[in-house]
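Each chain, letter by letter, is given below.
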Amino acid sequence: MDSVTELEGSRALVVDGSWAGEPVRLINVYAPSDVGERQELFQHLRPQLVTSRTIMMGGDFNCILESGGRCGTRAGEGWMDDAAKLLAEMGGEASLTDVIGSMGPDARNFPWSHPDGSVRSRVDFVFTSKSVRIRQHSMVTVHLSDDRAIRFQGELTGKFLTGPGTWKLNSSLLGREGVQEELRRTYNEWQGMKDSFQSIGECQGMKDTFQSIWEWWLWVKGRIQDFLKNVGRKAARGRRKEFSRLQQQLQELHDLQLQLRGWDVMNPLEAVKKELSEHFHDESRRIIFRYRLRNRERILCDIKEDIRKAVTDFYGDLYSEKRSDGDQSEKFLSGIPRKVSIPAREVLNAPLTLEELHLAVKSFKSGKTPGSDGLPIEFYTSLWDLVGPEFLELYEEMEQEGVMPHTLREEMIALLYKHKGERCDLNNWRPIDLLNVDYKILAKTMVNRLKGTMEKIVHPDQTCGVPGRRVAEA
C-alpha cells in the first residue's frame, strides 16, 4: 500500500498499492442520496480515474445506470439523473467495465430490495479496468448492510508468489475442548522415551540417536508444533464450514423475506447477521498488508525477492562488525572500582531452581509475538506443570556443557513502522528481535537475580534501569 486519499468527507476512499507486481488503484464509494451532492462527489472522483494504474472501483453509487435498474412502485421515474449521466461518462473515459453487467427483472439480481419487495434497485456497482479478466461473479447477502454484496474473482497480469510464512500458535486453540488433555497424554509418552534415546531413534526411523537432553527437547518441540498445527487446521476447517452455513442461512432468509413481502423473518435475519459480523471481526485480524521498499540505490522494490535483498543489505550494513580498541576497553573496565561481593557471587552462581523459572514464566505478558518456533508464553503457562521440570534439567545441562543450543541463539527480525516519513524508506522502520520463549525464560531468570545486586555495583550516577532509582532523582 502506497497511499490513501479521502474525498468529500470520506464519501470516497482511494487506495494506491501494488498486487501481483502491478500498480493498482482501489476506490470505495458511498455516494450521497442528494443528487447535487452526489454529482459533486463524482466531479472530485473524476481525476482519480486518470491513471496508469489498474482500477477497481466499487460501492453504493446511489443511482441507476440503465432503464431496468429499478423495479416496483418507482420504476421508470427519472431513471437516469445528472449524477448518473456523469458517472456513465466517467466510466467510458476510463474504459471501465461493469463487472455484473445488465440484469434481468428477478429480485435476486438487484443488490437492494425493500423488505416488503415493493421497490428493488441496482445502485451498487463494481467497475474494473479492461485489463482485469473477470472469472466469475455473483451477488450474496451479507451481514454488514441491507444491500447485497457483489463478489467477483479476476486475474491481474504478472505473478506474486508468497510463501507459507512463519507458523505461530493461535493461543485460543489451547482452550478448545480436549486439546490440552490430548497434548498432556502424548507428552507423557514422549517423557517416557527421554531416557531411551536408542528406542526413540529407532521408532522414528532416525539414523542418529539423541546425545543430550536438548536434542530430545528439540525433537519434542517439533512434535508439539505438528500436533498444534493439526489442531489449527481442524479449527480453520470448522470456521469455513460455519461461515458457509451462516451465509447459506442468510441467503435463504433473505429469499424468504422477498417471497413473503413482509417483516416476518426480520428477527432471525438480524440474528444471523450478528453471527456473521462476529465471524468477520475475527477473520479481519488475519489480514496482512505488504509494502514497497527502496533499496540502497533508492529504487522502489515490490517483488518479494527484491524486498528481501533490500532489507538484508540495509541491516547487513547497519549491524556489520565495527572495530574497537581492545586495549582502551580493557583500561576502562579495569578502572571501575565497584566489584561484585563474594556473597553476591554466591547468589548469582547458585544452581537454578524450579521456583525461579516459574516466577519468570508468570512475569511475562500474554499476547506477545513468539520467536521462530511459534510457541508463545501462553503455551508454557498452560503446561508449565508438565514442561517445567524438563526446563530445569535442560538449563542445568547447558550450564555443564558450557554451550547454548542454536535454538536459544535464533532470532527473527520484525520491522515496525515508526509512523514518520515514507513507509518505503527502511530508515523509518524499527527492527524488533523476536526470540524463542525457552530462551526468554532463562534470560528473565538471570535478570531477576541481577536485580538484587545492581544497586551495589552500578554507580549512583546511573539512575535509569536500576531498581529503586529514578531518572527524576538524577
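Scroll up a little and you will see the structure.
Report follows, based on the coordinates. (Residues numbered from 1 in each chain as written. Predicted model: local features only at pLDDT ≥ 70, side-chain atom pairs only at ≥ 80, totals over all residues. Heavy atoms only, no water.)

Considerations on the pattern of salt bridges
Side-chain pairs of opposite charge can arise where the charged atoms are in close proximity.
Then, in step 1: The full count for this structure, using the stated rule, is 15 salt bridges.
Then, in step 2: The closest approach of N and O atoms between Glu-93 and Arg-46, which form a salt bridge, is 2.5 Å. Of this pair, Glu-93 sits in helix H2 (residues 82–93) while Arg-46 sits in the loop between helix H1 (35–45) and strand E4 (54–60), and the two are 47 residues apart along the sequence.
Then, in step 3: Across the pair Arg-449 and Glu-356 runs a salt bridge, and its minimum N-O distance is 2.7 Å. Of this pair, Arg-449 sits in helix H14 (residues 437–457) while Glu-356 is found in helix H10 (residues 354–363), placing the two residues 93 residues apart along the sequence.
Then, in step 4: A cluster of three or more residues bridged by salt bridges with shared partners is formed by Asp-2, Asp-16, Arg-25 and Arg-53. (Salt bridge = Lys/Arg side-chain N within 4 Å of Asp/Glu carboxyl O. Helix = DSSP H or I, 4+ residues; strand = E, 2+ residues; numbered from the N terminus.)

Observations regarding H14
Then, in step 1: Taking 1.5 Å per residue as the helical rise, H14 with its 21 residues ought to reach 30 Å, and the 29 Å between its terminal C-alpha atoms agrees with that figure.
Then, in step 2: Its maximal kink placed at Lys-451, H14 deviates by approximately 45°.
Then, in step 3: Those residues of H14 that sit buried are Val-437, Asp-438, Ile-441, Leu-442, Thr-445, Arg-449 and Thr-453. (Expected span 1.5 Å × (residues − 1). Bend = angle between axes of the 7 residues up to and from the residue. Buried < 20%, exposed > 50% of the residue type's maximum accessible area, 1.4 Å probe, protein only.)

Looking at the sheet that holds strand E9 (residues 124–129)
The strands making up a sheet associate through backbone hydrogen bonding, with each pair oriented either parallel or antiparallel.
Then, in step 1: Here six strands make up an open sheet; going across it, the order is E1-E2-E3-E4-E9-E6 and the pairing mixed. Strands with a single pairing partner mark the edges of an open sheet, and in this sheet they are strand E1 (3–7) and strand E6 (96–98). Each strand of the sheet is rotated relative to its neighbour by a mean of 20°, with strand direction disregarded.
Then, in step 2: For strand E3 (residues 22–30) and E4, the ladder comprises seven bridges, and the chain directions are parallel. Residue Arg-25 lies in a different strand from E4, and its bridge partner there is Ile-55.
Then, in step 3: Running at roughly 170° to E3, H1 makes contact with E1, strand E2 (12–19), E3 and E4 of the sheet. (Pairing = 2+ DSSP bridges. Axes fitted to C-alpha atoms, helices over the stretch in contact; angles between N-to-C directions. Contact = heavy atoms within 4.5 Å.)

As for a positive patch on the surface
Then, in step 1: Judged by side-chain charge, Arg-233, Lys-234, Arg-237 and Arg-240 come together as a positively charged surface patch.
Then, in step 2: Relative to the helices and strands, Lys-234 is located in helix H5 (residues 213–260). (Patch = residues over 30% accessible without salt bridge, like charges linked within 9 Å, V, L, I, M, F, W, Y side chains within 5 Å. Areas by Shrake-Rupley, 256 points an atom, 1.4 Å probe, with all protein chains shown as cover. Lys, Arg positive; Asp, Glu negative; His and termini not counted. Charge placed at Lys NZ, Arg CZ, Asp CG, Glu CD.)

With respect to the packing of H10 against helix H12 (residues 384–401)
Then, in step 1: One way to put it is that H10 packs onto H12 with a least axis distance of 10 Å and a crossing angle of 120°. In terms of orientation, H10 and H12 fall into the oblique class. The hand of the H10/H12 crossing is right-handed. From H10, Leu-354, Leu-357, His-358 and Val-361 reach across to H12, where they touch Trp-384, Gly-388, Pro-389, Phe-391, Leu-392 and Tyr-395. (Parallel < 35°, antiparallel > 145°, perpendicular 65-115°, else oblique. Left-handed = near helix turned anticlockwise from the far one by under 90°.)

Let's talk about the environment of Thr-186
Then, in step 1: Along the polypeptide, Thr-186 turns up in helix H3 (residues 179–193).
Then, in step 2: Separated by 41 residues in the primary sequence, Thr-186 and Phe-227 place their C-alpha atoms 9.5 Å from one another.

Section: the side chain of Thr-445
Then, in step 1: With respect to the secondary-structure elements, Thr-445 resides in helix H14.
Then, in step 2: Judged by relative accessible area, Thr-445 falls into the buried class, the value being 1%.
Then, in step 3: Looking at Thr-445, its side chain comes within polar contact range of the main-chain oxygen of Ile-441, at 2.8 Å.
Then, in step 4: Among residues more than four places away in sequence, those in contact with Thr-445 are Leu-352, Glu-356, Leu-357 and Ala-360. (Polar contact = N/O pair within 3.5 Å; in protein donor to acceptor, adjacent residues only side chain to side chain.)

Focus: the packing of aromatic side chains
The geometry of an aromatic ring pair is captured by the separation of the ring centres together with the interplanar angle, meaning the angle of the planes.
Then, in step 1: According to the stated counting rule, one finds 15 aromatic pairs in the structure shown.
Then, in step 2: Measuring from centroid to centroid gives 6.2 Å for Phe-42 and Phe-61, while their planes differ by 45°, and the two rings are tilted. Taken together, the residues span a long stretch of sequence, with Phe-42 in helix H1 and Phe-61 in the loop between E4 and strand E5 (70–72) at a distance of 19 residues. For the pair formed by Phe-42 and Phe-61, the shared burial category is buried.
Then, in step 3: With centroids separated by 6.0 Å and ring planes inclined at 65°, the aromatic side chains of Phe-61 and Phe-125 adopt a geometry described as edge-to-face. Of this pair, Phe-61 sits in the loop between E4 and E5 while Phe-125 sits in strand E9, and the two are 64 residues apart along the sequence. (Phe/Tyr/Trp six-rings, centres within 6.5 Å; stacked < 30°, edge-to-face > 60°.)

With respect to the environment of Lys-130
Then, in step 1: Counting through the fold element by element, Lys-130 comes out in the loop between E9 and strand E10 (133–140).
Then, in step 2: The exposed category is assigned to Lys-130, whose relative accessible area is 61%.
Then, in step 3: Along the primary structure Lys-130 and Ala-94 are separated by 36 residues, whereas in three dimensions their C-alpha atoms are 9.4 Å apart.
Then, in step 4: Residues within four places of Lys-130 in sequence aside, it is in contact with Ser-95 and Thr-97.

Overview of a negative patch on the surface
Then, in step 1: Together, Glu-8, Asp-34, Glu-37 and Glu-40 line one region of the surface with negative charge.
Then, in step 2: Along the chain, the position of Glu-40 falls in helix H1.

Side note on a nonpolar patch on the surface
Then, in step 1: Together, Phe-332, Leu-333 and Ile-336 line one region of the surface with nonpolar side chains, adding up to about 310 Å² of accessible area.
Then, in step 2: By the secondary structure assignment, Phe-332 is in helix H8 (residues 326–334).
Then, in step 3: Exposure remark for Phe-332: the relative accessible area of 61% places this residue in the exposed category.

Concerning the packing of H10 against H14
Then, in step 1: Between H10 and H14, the shortest axis-to-axis distance is 9 Å and the interhelical angle comes to 105°. In terms of orientation, H10 and H14 fall into the roughly perpendicular class. Side by side, H10 and H14 meet where Glu-356, Leu-357, Leu-359, Ala-360, Val-361 and Ser-363 of the first sit next to Ile-441, Lys-444, Thr-445, Asn-448 and Arg-449 of the second.
Then, in step 2: Taken together, the residues that form the contact of H10 with H14 break down as five nonpolar, three polar and three charged. (Nonpolar A, V, L, I, M, F, W, Y, C, P; charged D, E, K, R; others polar.)

Description of unusual backbone geometry
Then, in step 1: Not every positive phi belongs to a glycine, and Asn-62 is a case in point at roughly 60°.
Then, in step 2: Secondary-structure assignment places Asn-62 in the loop between E4 and E5.
Then, in step 3: Residue Ser-95 is not a glycine yet carries a positive backbone phi of 55°.
Then, in step 4: Secondary-structure assignment places Ser-95 in the loop between H2 and E6.
Then, in step 5: Assessed through its relative accessible area of 37%, Ser-95 is described here as partly exposed.

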